[in-house]
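Here's the letter readout for the chains.
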Amino acid sequence: MIFNKSLSIILSSCFFMLLMMIVSSIVALFFNGGSIPYIGIVFVIIFYYVARMFYNYLRNDELYKNNRNHSSDVPGEEYMIKGPRDNKKIFLVVWVIVLLILAVVSLWLYSYNIGLI
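Quick caveat, the model's predicted, so the values are computed rather than measured. (Residues numbered from 1 in each chain as written. Predicted model: local features only at pLDDT ≥ 70, side-chain atom pairs only at ≥ 80, totals over all residues. Heavy atoms only, no water.)

K.L.:
Help me understand the packing of aromatic side chains in this model?
P.N.:
Where two aromatic rings form a pair, the distance of their centres and the angle of their planes describe that pair. Inspection of the entire model under this criterion finds 3 aromatic pairs. Arranged with centres 5.3 Å apart and planes meeting at 75 degrees, the rings of Tyr48 and Tyr49 form a pair that is edge-to-face. For Tyr48, a relative accessible area of 46% gives the class partly exposed. A relative accessible area of 53% places Tyr49 in the exposed class. Against the face of Tyr57 rests Lys89, its NZ or CZ located 4.9 Å from the ring centre. (Phe/Tyr/Trp six-rings, centres within 6.5 Å; stacked < 30°, edge-to-face > 60°. Buried < 20%, exposed > 50% of the residue type's maximum accessible area, 1.4 Å probe, protein only. Lys NZ or Arg CZ within 6 Å of the ring centre and 35° of its normal.)

As structure tokens, then:
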């Protein structure tokens, strides 16, 4: 099972935002001073590659292989999910979306409680 290219990009960016929100809240709680920007830059680089691996996971399986030189997409073909269903991949996508929503709500409540809003 592979996901559409546009849908895979959106889900990968959601995964990147989830990772950045979780790490930024942890860094803000435990680190003080001038090292926070450097830690942020390092994590942006690391999470970029992790999000690219997640994108490749969504776009490839045993039947369909996508890379820069080969695409399994036929010109004019429209699909959201292609191939037999993979429950592990669907669970992972739902898990990322649910955790992203929970992280957004918890960070919003945290900022509301300390008076940032």
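K.L.:
Can you walk me through the packing of helix α1 (residues 5–30) against helix α3 (residues 87–113) in this structure?
P.N.:
For any two helices packed against each other, the geometry comes down to the angle between their axes and how far apart the axes lie. In contact at an axis separation of 9 Å, α1 and α3 are set at 40 degrees when each is read in the N-to-C sense. Crossing angle aside, the handedness with which α1 passes α3 is left-handed. Contacts between α1 and α3 involve Leu11, Cys14, Phe15, Met17, Leu18, Met21, Ser25 and Leu29 on the former and, on the latter, Val93, Val96, Ile97, Leu99, Leu100, Ala103, Val104, Leu107 and Tyr110. Among the residues forming the contact of α1 with α3, the class breakdown is 16 nonpolar, 1 polar and no charged. (Axes fitted to C-alpha atoms, helices over the stretch in contact; angles between N-to-C directions. Helix = DSSP H or I, 4+ residues; strand = E, 2+ residues; numbered from the N terminus. Left-handed = near helix turned anticlockwise from the far one by under 90°. Contact = heavy atoms within 4.5 Å. Nonpolar A, V, L, I, M, F, W, Y, C, P; charged D, E, K, R; others polar.)

K.L.:
When you look at the layout of surface pockets in this model, what are you seeing that I'm missing?
P.N.:
The gaps of empty space that remain are located by a probe, the size of a water molecule, rolled over the atoms. Size it by volume and the largest pocket reaches roughly 250 Å³. Looking at side-chain class alone, the lining of the largest pocket contains 1 nonpolar, 6 polar and 5 charged residues. Of the voids in this model, the second largest pocket is the one considered here, and its volume is about 170 Å³. Put simply, the parts of the chain that give the lining of the second largest pocket at least two residues each are α1 and α2 (36–59). (1 Å grid on protein atoms, 1.4 Å probe; cavity = no way out; pocket = protein on both sides within 12 Å on 5 of 7 lines; lining within 4 Å. Points joined across faces, edges and corners; volume = space filled by probe spheres on them.)

K.L.:
I would appreciate a short explanation of α1 in the present structure.
P.N.:
In an α-helix, one turn spans 3.6 residues; hence positions three or four apart end up facing the same way. Its 26 residues place the ends of α1 38 Å apart at the C-alpha level, agreeing with the 38 Å of an ideal helix rising 1.5 Å per residue. All buried positions along α1 are accounted for by Ser8, Leu11, Ser12, Cys14, Phe15, Leu18, Leu19, Met21, Val23 and Val27. The elements touched by buried residues of α1 are β1 (2–3), α2 and α3. Residue Asn4 occupies the N-cap position of α1, its side-chain oxygen lying 3.1 Å from the main-chain nitrogen of Ser6. (Expected span 1.5 Å × (residues − 1). Polar contact = N/O pair within 3.5 Å; in protein donor to acceptor, adjacent residues only side chain to side chain.)

K.L.:
Where do I start with a nonpolar patch on the surface in this structure?
P.N.:
A surface patch of nonpolar side chains, amounting to about 780 Å² of accessible area, comprises Ile22, Ile26, Leu29, Phe30, Phe31, Ile36, Tyr110 and Ile114. Counting residues per element, the nonpolar patch draws most heavily on α1, at 4 residues. Following the sequence through the fold, Ile26 ends up in helix α1. Note on Ile26: relative accessible area 42%, which makes it partly exposed. (Patch = residues over 30% accessible without salt bridge, like charges linked within 9 Å, V, L, I, M, F, W, Y side chains within 5 Å. Areas by Shrake-Rupley, 256 points an atom, 1.4 Å probe, with all protein chains shown as cover. Salt bridge = Lys/Arg side-chain N within 4 Å of Asp/Glu carboxyl O.)

These results come straight from atomic positions and should not be treated as a statement about function.
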